[in-house]
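As a plain string of letters, each chain reads:
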Amino acid sequence: MNILVVGGAGYIGSHMVKCLGKNGHEVVTYDNLSEGHRGAVTHGLFVEGDLQDRPLLTKVLRNHQIDAVIHFAASALVGESVQNPAKYYQNNVVATFSLLEAMREAEVSKIVFSSTCATYGQPQVIPITERESQSPVNPYGFTKLVIERMLADYSNAYGIGYAALRYFNASGASPDGDIGEDHDPESHLIPIVLQVALGQRASISIFGEDYPTPDGTCIRDYIHVDDLCAAHLLALGKLSAGTEFKLNLGTGRGHSVREIIKACSEVTGCEIPAVVGERREGDPAELVADPTLARKLLGWEARYQDIQEIISTAWAWHQANPHGFSVSEASD
């Protein structure tokens, strides 16, 4: 298949591009490089462009005879979304509308969308099934929910087949070490802890230790980025006109902040100093997926079940690339 990956220079997107290339698909990456890295794109063609440039997007879809789109492009910082919601409505909702209209114009009828467990807000039942009510507590989660509903309406009215895959905490790096996680600023727990191990930070901040969890810190479901990519590939193969999938992607196992710090210390052999601070507004105590439906509909299950194995792939990447992609990009 000819696949367009929007946001394909980002963390998850670049791993998806690599997965598609290794599985024999023709892949075109479309990214404005506002947050992604050109050096992370290891397969196929690259087009620098913005989703809101609909003429360029339509041209790319037509010229490369695209069969399906995988959509990762988004602003994704919860705190920033509260402080600057306009950016999130523009970059997430308006940009996705532009993408869907370009797909209609180019007669592309299949899309896999990168959604999030943030659409659930404060869940009432753990583990979380797809039947849980979606009540996001921040603009980021709400924009993703708006897009899910937009996709459902486009499917009903125009026959677009879609899969909305609700990620839990993406983590890890490509096992062969060629690509990994590089955000600026970094907001994900595991790479921040590994920056402490590398001496790039003095300590890790724990935001609250009075949650109703066994050790008082928040619990999250960490899923390896390659497992996410495998689910996308399976979803892609199941799509046809009018098909709808809304699925959770996680391991079904939760790890607290303190457990992650301890596991990182064991993997790296380094002491990880921690400083306890106040809770962050809007942080649920526990987010753990029930991945049963993805197993049933896609035949998918996370291969990486051991948190230390996940962390080990991330540690190998960060050791080899302590400054991320910046050095290789500066020399291009």
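Structure: above.
Please read these numbers as outputs of a predicted model, since none were measured by experiment.

J.: If you had to explain the packing of aromatic side chains to someone new, which residues and values would you point to?
T.: Inspection of the entire model under this criterion finds two aromatic pairs. On the numbers, 5.0 Å between centres and 70° between planes, the contact of Y154 with Y158 is edge-to-face. With Y154 and Y158 both in helix α5 (residues 139-158) and four residues apart, this pair spans about one turn of that helix. Classification of Y158 by relative accessible area gives partly exposed; the value is 43%.

J.: A description of the nonpolar core should follow, citing residues and the corresponding values.
T.: Counting 35 residues, the largest nonpolar core has I12, L20, I70, L165, L249 and W300 as the members making the most contacts within it. Elements with a contribution of two residues or more to this core: β1 (2-6), α1 (11-22), β4 (68-71), β6 (161-167), α7 (225-238), β11 (244-249) and α9 (292-298). Other than its neighbours up to four places away in sequence, W300 contacts I223, D227, A230, A231, L234, L249, G250, P291, A294 and R295. Listed in part, the 29 residues of the second largest apolar core include V6, V93, I111 and A164.

J.: Run through the packing of helix α8 (residues 257-268) against helix α10 (residues 307-320), naming residues and quoting values.
T.: At their nearest, the axes of α8 and α10 sit 9 Å apart, and the two run at 60° to each other. When the axes of α8 and α10 are compared, the pair comes out oblique. As for how α8 packs across α10, the hand of that crossing is right-handed. Contact residues: I260, A263, C264, E266, V267 and T268 in α8; I307, Q308, I311, S312 and W315 in α10.

J.: Quick one: what's the story with the sheet that holds β6, residue by residue and with numbers?
T.: What the seven strands build is an open sheet, ordered β3-β2-β1-β4-β5-β6-β11; its pairing is parallel. Either end of the sheet is taken by a strand with one partner, and the two such strands are β3 (45-48) and β11. The sheet shows a mean angle of 20° between the axes of neighbouring strands, direction not considered. The sheet contact formed by β1 and strand β2 (residues 26-31) spans five bridges and is parallel. Directly across from V6, in β2, lies its bridge partner Y30. Sheet contacts for helix α2 (residues 54-63): β1, β2, β3 and β4; angle to β2, the most-contacted strand, approximately 175°. This element, α7, spans β1, β4, β5 (110-116), β6 and β11 of the sheet and lies at about 160° to β6.

J.: Which residues make up the pattern of salt bridges, and what values do they have?
T.: This structure, assessed with the given rule, holds nine salt bridges. Across the pair E209 and R258 runs a salt bridge, and its minimum N-O distance is 2.9 Å. Of this pair, E209 sits in the loop between β8 (204-207) and β9 (219-220) while R258 sits in helix α8; the two residues are 49 residues apart in sequence, bridging distant segments of the chain.

J.: Please provide a residue-by-residue account of the sheet that holds strand β14 (residues 286-287), values included.
T.: Strand order in the open sheet made by the three strands is β12-β9-β14, with mixed pairing throughout. Only two strands of the sheet have a single partner each, and these edge strands are β12 (255-256) and β14. One ladder, built from two bridges, connects β9 with β12; its direction is antiparallel. Bridge pairing links I219 to S256 in β12.

J.: Help me get a handle on the pairing of β8, residues and values and all.
T.: Remember that side chains alternate between the two faces of the sheet whenever the strand is regular. Burial along β8 is one-sided: I204 and I206 are buried, and none of S205 and F207, which face the opposite way, are. Sheet analysis places β8 next to strand β13 (residues 274-277), joined by four bridges and oriented parallel. Across the sheet, I206 pairs through a bridge with V276, a residue of β13.

J.: An account of unusual backbone geometry is needed here, citing residue identities and associated values.
T.: The residue after I126, namely P127, is reached through a cis peptide bond having omega 0°. Residue placement: P127 occurs in the loop between β5 and α5. Residue P185 follows D184 across a cis peptide bond; omega there is 5°. Relative to the helices and strands, P185 resides in the loop between β7 (169-171) and α6 (189-197). The backbone phi angle of L33 is positive, close to 60°, even though this residue is not glycine. By secondary structure assignment, the location of L33 is in the loop between β2 and β3.

How each quantity is defined
- Residues numbered from 1 in each chain as written.
- Predicted model: local features only at pLDDT ≥ 70, side-chain atom pairs only at ≥ 80, totals over all residues.
- Heavy atoms only, no water.
- Phe/Tyr/Trp six-rings, centres within 6.5 Å; stacked < 30°, edge-to-face > 60°.
- Helix = DSSP H or I, 4+ residues; strand = E, 2+ residues; numbered from the N terminus.
- Buried < 20%, exposed > 50% of the residue type's maximum accessible area, 1.4 Å probe, protein only.
- Core = buried A, V, L, I, M, F, W, Y, C linked by side-chain atoms within 4.5 Å.
- Contact = heavy atoms within 4.5 Å.
- Axes fitted to C-alpha atoms, helices over the stretch in contact; angles between N-to-C directions.
- Parallel < 35°, antiparallel > 145°, perpendicular 65-115°, else oblique.
- Left-handed = near helix turned anticlockwise from the far one by under 90°.
- Pairing = 2+ DSSP bridges.
- Salt bridge = Lys/Arg side-chain N within 4 Å of Asp/Glu carboxyl O.

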